Amino acid sequence: LSLIGTLPWVLALALAGHALGSDWKSVRKGFEYLDYAIVVLAVAGAGYAVLRRRRRREDGGDAAGKVGEGLPEAAGEAPPVTDAG
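Only a predicted model underlies this, so the values are computations on that prediction, with no experimental measurement involved.

Asks: I keep staring at the pattern of salt bridges and nothing clicks. Help me out?
Replies: Side chains that differ in charge, positive against negative, can pair when their charged atoms come close. This model, assessed by the stated rule, comprises 1 salt bridge. When the shortest N-O distance is used, the salt bridge between Asp35 and Arg28 registers 2.5 Å.

So this is what it looks like as structure tokens:
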């Protein structure tokens, strides 16, 4: 199934490359701003994810922040001593 999905893309890119020939640099120059836009979107998305995770931890909504909650060790108390014998 993956082969069927990639085959049209490979074929289209190969045909486009063949049609452009050595003129591919002019087309590449036209997409320069698209590269910048993708980088800006990736950085903004990563920043948003970091801020969202920090806010969840501050609000106590993150499951990872609740590990050990309710255990005596988590509250700074000593665990109960039991008779092992």
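Asks: Help me understand the confidence of the model for the chain, please; the structure alone is not making it clear to me.
Replies: Note: predicted coordinates in regions of low pLDDT should not be interpreted at a detailed level. On average, residues of the chain score 80 in pLDDT, and 74% of them reach the 70 mark or higher. Highest mean pLDDT in the chain belongs to helix α3 (residues 32–59) (92); lowest belongs to helix α2 (residues 24–30) (82).

Asks: Sorry, what's going on with helix α1 (residues 2–20) here?
Replies: Since there are 3.6 residues in each turn of an α-helix, residues three or four apart along the chain are aligned in direction. Along its 19 residues, α1 runs 27 Å from first to last C-alpha, staying within 8% of the 27 Å computed at 1.5 Å per residue. For α1, the buried fraction is low: 0 of the 19 residues fall into the buried class. Gly21 lies just past α1 and shows a positive phi near 60°.

Asks: Got a minute to help me understand α3 in this structure?
Replies: If you check α3, its first and last C-alpha atoms are 41 Å apart, about what 28 residues at 1.5 Å a residue would give, namely 40 Å. Remark: Gly60 follows α3 within two positions and exhibits a positive phi of approximately 80°.

Parameters and conventions
- Residues numbered from 1 in each chain as written.
- Predicted model: local features only at pLDDT ≥ 70, side-chain atom pairs only at ≥ 80, totals over all residues.
- Heavy atoms only, no water.
- Salt bridge = Lys/Arg side-chain N within 4 Å of Asp/Glu carboxyl O.
- pLDDT = per-residue confidence, 0-100.
- Helix = DSSP H or I, 4+ residues; strand = E, 2+ residues; numbered from the N terminus.
- Expected span 1.5 Å × (residues − 1).
- Buried < 20%, exposed > 50% of the residue type's maximum accessible area, 1.4 Å probe, protein only.

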